[in-house]
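Here is what each chain is made of, one letter per residue.
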Amino acid sequence: MLIKFISRCTVITGSKQLQAFNTPRSVSASVRVFSSLLRETQSAKLPPRHQRQPGRPLKHFRCQQVRNLFYSDREGNIHSSVTTAEMEDIKAKVELHVHLDGSIRPSTLWELSRQKNIPLPYTDDKELAKACIAQKPYSLDNFLKSFRLIVPAIYGDLDAIERISYEFCEDCSAQNIAYSEVRYSPQILTGPMRVNDIKENSVTAREVVQSVNRGLQRGSADFNVIVRSILCCIRPFPAWSEDVVDLCAEFRDSGVVGIDLAGNEPTHEHETDQRHINAFQKAKDLGIHRTVHAGENGPAAVVKEAIEVLHAERIGHGYHSVDVDSIYQLVRDRNVHIETCPCSSVVTGAVTEDLTKHPIIRFARDNVNYSISTDDPIITGKKIDDDYSVVINDMGLTVDEIIRTNLNAARSTFLPQTEKQELIERLEKFYSTETNDLKTAAAANITST
């Protein structure tokens, strides 16, 4: 196969930089020069990208006009793909793990807080946005503290809840996310806690779900995206779980596609409250799809319990599944989908800040069924492309792997089978077309003498 291009290319091999293709040349001449440079690059045995020091130049060919990226894999072999920047143009992203209240726009949060006279020691939405971003020392507790600034502005306010749901769709469209499943706890959004985990508010969980559904339906139509929702049970409040299952069943034809269990994980297996277990068994019996937060800050044993006891089809985060070989093998054998959130995983303290040791690298190497999501964008201060950049630039994954994770996500959605197949075919067609476009662009740039 010929590699055809006339744009300026740069090869960086250690401290030596070679420049080529400043002027148009024949195909044969281009191939000769390219082959020479490629041989020199290969003989230099570039270190794999996951071993690159932060701030050091990328050791790869970048053919800017033809839009090919040549990179070194973990074994030092040279491959080609599209550039990271081009991911921003891909309109076929799928996000499965993102929280509605953690996705509120800072400007909306500022406006709602002022309307409700919530005292804030900030002068504008930019300062508020900075305050919402979790700070060191990174831990799940510190991460969750930011919700103290967020939830009071929206709970018990059905109009505000519908608004942030609608705006969530608009933000998906702006990020070229074709399909998303956004999750939330209906009970938390009804209003402040009273006593003994009993809610005494005029707004009901059912009304919250209806408000979210209205916002998502309007937003999906207006911004040409598909967004469905997942209802969360909360570990510290098992009394809510049966009601959550009932709401999932009631609104399964109105956009609710699954149930989740969120909140601080237990430290050992078999510590999950029986009421949660009963709720997830009921969900399974009713054919309601199930995902569980597990193996984020909790041990691998919680992942095992989620799969074997709570009947989880997907695992939220799941990083610590790799800590126990038998449990990691269980995930692989059952093809359980892992919803990873790279930026969030650091901020919650779930993983080390040394991203070259991140479990996602092993998921990729072992061809595990996983995808990439943001979790809580207002708390990480990141968008989906930032998470993609982290796995490419800091973990050494390729854009081809990002594409694979999006296809994984499409195949693991909680959509009805017909709609899921339509989404999968849409993504496969898009990525196939994108690949052909790259080839066409390369051919169009050939100048023969």
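None of these values were measured; they are calculated from a predicted model. (Residues numbered from 1 in each chain as written. Predicted model: local features only at pLDDT ≥ 70, side-chain atom pairs only at ≥ 80, totals over all residues. Heavy atoms only, no water.)

**Thoughts on the overall build of the protein**
Phase 1: From N to C terminus, the protein includes 17 helices and 13 strands.
Phase 2: Across the 449 residues of the protein, 54% fall into the buried class.
Phase 3: Partitioning the contacts of the protein with sequence separation of at least 6, the portion at a separation of at least 24 is 71%.
Phase 4: A total accessible area of about 19500 Å² is found for the protein, and carbon and sulfur atoms account for 48% of it. (Helix = DSSP H or I, 4+ residues; strand = E, 2+ residues; numbered from the N terminus. Buried < 20%, exposed > 50% of the residue type's maximum accessible area, 1.4 Å probe, protein only. Contact = heavy atoms within 4.5 Å. Areas by Shrake-Rupley, 256 points an atom, 1.4 Å probe, with all protein chains shown as cover.)

**Digging into the nonpolar core**
Phase 1: Among the nonpolar cores identified, the biggest contains 107 residues, and Ile259 and Tyr370 are the most heavily contacted of them.
Phase 2: The element best represented in this core is helix 6 (residues 158–174), accounting for 7 residues.
Phase 3: Among residues more than four places away in sequence, those in contact with Ile259 are Ile230, Leu231, Cys233, Val244, Val245, Cys248, Phe280, Ala283, Ile288, His289, Arg290 and Thr291. (Core = buried A, V, L, I, M, F, W, Y, C linked by side-chain atoms within 4.5 Å.)

**Side note on the environment of Arg114**
Phase 1: Here Arg114 is to be found in helix 2 (residues 106–115).
Phase 2: Since its relative accessible area comes to 54%, Arg114 is described here as exposed.

**Quick notes on the sheet that holds strand 7 (residues 177–184)**
Phase 1: One open sheet accounts for 8 strands, arranged 6-7-8-9-10-11-12-13; its pairing is parallel. Because the sheet does not close on itself, it has two edges, and the strands there are strand 6 (93–99) and strand 13 (370–372). Adjacent strand axes in the sheet meet at a mean angle of 25°, parallel and antiparallel pairs treated alike.
Phase 2: In terms of strand pairing, strand 10 (residues 289–294) meets strand 11 (residues 314–317) through 4 bridges, oriented parallel. Bridging across to strand 11, Thr291 finds its partner in Arg314.
Phase 3: Each of strand 7, strand 8 (226–234) and strand 9 (256–262) is contacted by helix 7 (residues 205–223), which is oriented at about 160° to strand 8, the strand it contacts most. (Pairing = 2+ DSSP bridges. Axes fitted to C-alpha atoms, helices over the stretch in contact; angles between N-to-C directions.)

**Considering the pairing of strand 6**
Strand residues, when the strand is regular, have side chains that alternate between the two faces of the sheet.
Phase 1: The buried count for strand 6 comes to 7 of 7 residues, which makes it a mostly enclosed element.
Phase 2: Here strand 6 runs beside strand 7; their pairing, made up of 5 bridges, is parallel. Residue Val94 lies in a different strand from strand 7, and its bridge partner there is Tyr179.

**Describing the environment of Tyr370**
Phase 1: For Tyr370, the location among the structural elements is in strand 13.
Phase 2: Sequence-wise, Tyr370 and Leu407 are 37 residues apart; in three dimensions their C-alpha atoms are separated by 9.5 Å.
Phase 3: Not counting residues within four places of it along the chain, the set of residues in contact with Tyr370 comprises His337, Ile338, Thr340, Ile360, Phe363, Ala364, Leu397, Glu401, Arg404, Thr405 and Asn408.
Phase 4: Polar side-chain contacts of Tyr370 include one of 2.8 Å to the side chain of Glu401. (Polar contact = N/O pair within 3.5 Å; in protein donor to acceptor, adjacent residues only side chain to side chain.)

**Overview of the packing of helix 2 against helix 6**
Phase 1: As a packed pair, helix 2 and helix 6 sit with axes 11 Å apart at the nearest point and diverge in direction by 170°. Put simply, helix 2 runs roughly antiparallel to helix 6. With respect to the hand of their crossing, helix 2 and helix 6 are arranged in right-handed fashion. The segment helix 2 lies against helix 6, with Thr108, Glu111 and Leu112 engaging Ala160, Arg163, Ile164 and Glu167.
Phase 2: A class-by-class count of the residues in the contact of helix 2 with helix 6 yields 3 nonpolar, 1 polar and 3 charged. (Parallel < 35°, antiparallel > 145°, perpendicular 65-115°, else oblique. Left-handed = near helix turned anticlockwise from the far one by under 90°. Nonpolar A, V, L, I, M, F, W, Y, C, P; charged D, E, K, R; others polar.)

**Side note on unusual backbone geometry**
Phase 1: Here the residue pair Lys136 and Pro137 is connected by a cis peptide bond, since its omega of 0° sits within 30 degrees of zero.
Phase 2: Positive phi is not limited to glycine here, since His317 has a value of about 85°.
Phase 3: Take His317: it is sitting in strand 11.
Phase 4: When its relative accessible area of 1% is taken as the criterion, His317 is described as buried.
Phase 5: Its identity is not glycine, yet Asn367 carries a phi of approximately 60°, on the positive side.
Phase 6: Here Asn367 is to be found in the loop between helix 13 (359–365) and strand 13.

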